[in-house]
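Listed here are the chains, written in short residue letters.
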Amino acid sequence: MTLGKTYSYLAAVDIETKSLIPDPNGALIPHLSVITVIGLVAQSGDRKVFRGPEAIDECCEYIKQNNLGVIGQNFKFDLRKIIFDRPDLEQFLMERWVGDTLLQAHNLPDKVVDSFLAQYELKREHENDELPKGYTHRKAGALSLKVLAPYFLGVPPFWEDPTDHDNDEYVLKDCEYTLRLFEYFDKRFKEEFPAAGRFYEECQLPWTKMLLKVEVTGIHVDTDKMSQKEYDAVTDRSEAKLILDGMWATIQQEITRKSEGDLQARYEAMALTAIEKLKDKTKAERTHERYANNYAQARAKLDTSINLASPKQLLEVLSEYRGYDVRDFDGKTSTSKEVLQKLAQEGHEDIKTLLKYRSADKLANSYFPAYKLFLRKDTGTMHTTFNPSGARTGRLSSSKPNMQQVAPVLRDMFTARPGYKLVTKDLAALEPVLIAYYTQDPRLMEIVQSGMSFHCVNTKEVFGLQDVPLEEIKHRHADLRKIAKEFGLSVLYGAGGNRVQKSFLKQGVSRDIAQCKQYVYKLRDTYAGVWQFKEELDSMLQRGDVVYNYMGRPIVFNDPEEVYMKGFNRLIQGSGSDILQAAAYDISQEPGCQVLLLVHDELVVEVPEKRAEELERRVEFHMTKWDLTNDTGTVKLKVEGGIDLCWKK
DNA sequence: TCTGAGAGCGCC
DNA sequence: AAAGGGCGCTCTCAGA
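To start, this report covers the structure provided alongside it.

Conventions adopted
Within each chain, residue numbers correspond to sequence positions counted from 1 in written order. Key to labels: chains lettered from A, ligands numbered from 1, both in the order written. In keeping with the predicted nature of the model, local features appear solely for residues at pLDDT of at least 70, side-chain atom pairs appear and are counted solely at 80 or more, and the whole-chain, interface and lining totals rest on all residues. Remark: hydrogens and water are excluded; side-chain values derive from all non-hydrogen atoms of the structure. The numbering of helices and of strands both runs from the N terminus, where a helix is a DSSP run of H or I of at least 4 residues and a strand a run of E of at least 2. The classification of residues rests on relative accessible area computed with a 1.4 Å probe and restricted to protein chains. Under 20% of the type maximum is buried, over 50% is exposed, and intermediate values are partly exposed. The contact criterion used throughout is that any non-hydrogen atoms of two residues lie within 4.5 Å. Surface accessibility follows the Shrake-Rupley procedure with a 1.4 Å probe radius. Residue values consider only the protein chains on display as shielding. Only four residue types enter the tally: Lys and Arg on the positive side, Asp and Glu on the negative side, with His and both chain ends excluded. Here the site of a charge means atom NZ of a Lys, CZ of an Arg, CG of an Asp or CD of a Glu. The pocket and cavity definitions rest on a 1 Å grid over protein atoms only: a 1.4 Å probe that fits but cannot leave marks a cavity, an open set with protein on both sides within 12 Å along at least five of seven lines marks a pocket, and residues lining either have an atom within 4 Å of a point. Grid points are joined across faces, edges and corners, and a volume is the space filled by probe spheres set on the points. Under the scheme applied, nonpolar residues are Ala, Val, Leu, Ile, Met, Phe, Trp, Tyr, Cys and Pro; charged residues are Asp, Glu, Lys and Arg; polar residues are all the others, including Gly. Any residue with at least one heavy atom within 4 Å of a molecule or strand is counted as near it. Under this definition, polar contacts are N or O atom pairs within 3.5 Å; protein pairs additionally need one hydrogen-donor-capable and one acceptor-capable atom, and for neighbouring residues in sequence, both atoms have to be side-chain atoms. For salt bridges, the criterion is a side-chain nitrogen of Lys or Arg within 4 Å of an Asp or Glu carboxyl oxygen.

**Looking at the overall build of chain A**
Here is step 1: Of the regular secondary structure elements, chain A holds 24 helices and 19 strands.
Here is step 2: For chain A, the C-alpha atoms occupy an extent of roughly 95 × 75 × 55 Å along the three principal directions.
Here is step 3: Within chain A, buried positions represent 50% of all 649 residues.
Here is step 4: In chain A, of all internal contacts separated by at least 6 residues, the share reaching a separation of at least 24 is 68%.
Here is step 5: Just so you have it, chain A exposes about 31,400 Å², and 49% of that area is on carbon and sulfur atoms.
Here is step 6: Treating the 89 positive side-chain charges of chain A as one cloud and the 98 negative ones as another, the clouds have centres 2 Å apart.

Laid out in structure tokens, this is it:
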């Protein structure tokens, strides 16, 4: 690890926080939590604990006095909270932050094995039994310090006291293990995986710093618009519910009657059993009365209304009372969207209403409550958390709230601050482009170089439409194109006949499996170079080789069984996502550009209104500057999107 | 009463 | 032999 010669030695720092709201999850959210204690363990052997209102200052003073570089385990979390409390220290801490054990572990090809995790889980359950009622040790993931330290350092498993988060001993142990792990990982990178070490140091760590800045900045929310949208969703939901209640009134009555009957029968049976056991048979009448009374009470509490959120109840209504075929494309009964859409297409009005209810309910229940919880009311900004180790591919994940799953209809409530505009750009057809680059397949190279439509070409090839000009496919064979689009990329990643059959069924067309397999072979044949590349890659990964993606991120599989389905996909998806992260990093270095969101292949960047067009070109440049030249030619990255006052798709 | 798995669904 | 992949969130339901 290069200390940059600037710092004398290292110290691991860890903070403990507690929630300011009843929900303990508040401890994870900067504006809903408070720091209880800061621990620091330095390579010098010094162990420090800082508390109280001066804790941050004293800690930083110690770091400065001793000229320390600072590391942590998922240190982005700690820094985000510290910077929230003390924005003036952002620059100082950002510079001092020189390492992270979570990011090291994420990129070390040697992973914690599943059997160790399972063993650890057993120990945790055992420990939980010893705890006072209501307290548990939270499940620890493969990248948590609680797993990493015992696995790689061989220290005994350790748990904090969940009744006392504000504990010197624990926070110091945390720091000590972090420091030891850091040195251990550093050594292993140097000795065994120098390329992975470089990726960690030159990409993963700087990118994570960029993400911290993105999180701290947040994205501005038009709260009036948000309220309006929530009101609309709630209204839509109750309207749909009302209509559905009307349509299903008789079913509701039948269900109520049936439940009452069942309940009554149960209580009568209980009464009979009780009476049989009676020694004094003269009390039979009174016993009977008592059970009748109990039944009346239970009846009053009985809720027989149909719970639309219960797949079990809904399934009963749809299949038994309405007589619908509720089998999905795998033949299993289900109330999933694909089943409901098929029924809606057959013209069932109740199902159309149910679908409306479902989507409004999703907005009202999943989106808005989270947005209201995580909105900073003083600034009107939303601050997601990006998890650099959230996905095995190297993609980011986003949570609290998840800004990578914002429904398109909700996007325009996220806006530029006054005086600014948003540049929203996505990398067009990123995956076909990267597949062409990697596999050198001549047909795919030709397609992405010439700008032909991947899906239209597939439609022609698969369905034997040689006579139809490419540009007419979209209009003359829209239905077939839709199906081909459904399974085109999937087949290149390893999908088979079943998957293709499903794509047909979704469009209301049934094809036998043999025919579907023919389509798969046809596509593999069309892109023979892709399939050949995939097979070579698979055999390397199955041997346990470490493969590096476009940006140098290591790819390795412990389980060879997983390779067929995940290997090629991980190379392509991970490369795409890393290109976007690298672009976001470079854009964040452009004066005037503030990256607000990363959504896998899309960036949202805030720029001063007056320089919008100029900076839009800078954003485009950084997103498309990556060299995709292979032995057969060069493919170019393209972006789509523009400038607006709000986030638009 | 609490937890964890599964269903379902939003996004790429 | 056959197999698209990657997430987070909310709800229900069953088991402890």
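Back to the write-up after that little detour.
**Brief notes about empty space enclosed by the protein**
Here is step 1: Counted under the stated rule, the structure contains four cavities of 30 Å³ or more.
Here is step 2: The space that makes up the largest cavity amounts to roughly 100 Å³.
Here is step 3: Lining the largest cavity we find His106, Asn107, Leu108, Pro109, Lys111, Arg392, Arg553, Pro554, Ile555, Val556 and Arg570.
Here is step 4: Elements with a contribution of two residues or more to the lining of the largest cavity: α4 (101–107) and β14 (554–555).
Here is step 5: Of the residues that constitute the lining of the largest cavity, the class distribution is five nonpolar, two polar and four charged.
Here is step 6: Estimated volume of the second largest cavity: approximately 70 Å³.
Here is step 7: Every residue along the wall of the second largest cavity is listed here: Val13, Ile38, Ile56, Cys59, Cys60, Ile63, Val70, Phe75, Leu79, Ile82 and Leu93.

**Regarding the protein's contact with DNA strand B**
Here is step 1: The full set close to DNA strand B counts 21 residues, and Lys337, Arg358, Arg395, Gln405 and Asp601 are the nearest of them.
Here is step 2: Counting only atoms of DNA strand B within 4 Å of the protein, the fraction found in sugar and phosphate groups is 79%.
Here is step 3: Separating a phosphate oxygen of DNA strand B from a side-chain N or O atom of Thr335 is a distance of 3.0 Å.
Here is step 4: Sort the elements by how many residues they give to the surface near DNA strand B and helix α14 (residues 349–374) lands first, with three residues.

**Some details on the pattern of salt bridges**
Here is step 1: By the definition in use, this model includes 44 salt bridges.
Here is step 2: As a salt-bridge pair, Glu349 and Lys352 come within 3.2 Å of each other at their nearest N and O atoms. Within this pair, Glu349 and its partner Lys352 are both found in helix α14, separated by three residues, close to a single helical turn.
Here is step 3: Of the residues examined, Glu349 reaches a relative accessible area of 44% and is grouped as partly exposed.
Here is step 4: Since its relative accessible area comes to 34%, Lys352 is described here as partly exposed.
Here is step 5: Residues Arg611 and Glu614 are paired through a salt bridge, measuring 3.0 Å at the closest nitrogen-oxygen approach.
Here is step 6: Since its relative accessible area comes to 38%, Glu614 is described here as partly exposed.
Here is step 7: Beyond isolated ion pairs, a larger network of salt bridges with shared partners links Arg47, Glu176 and Arg180.

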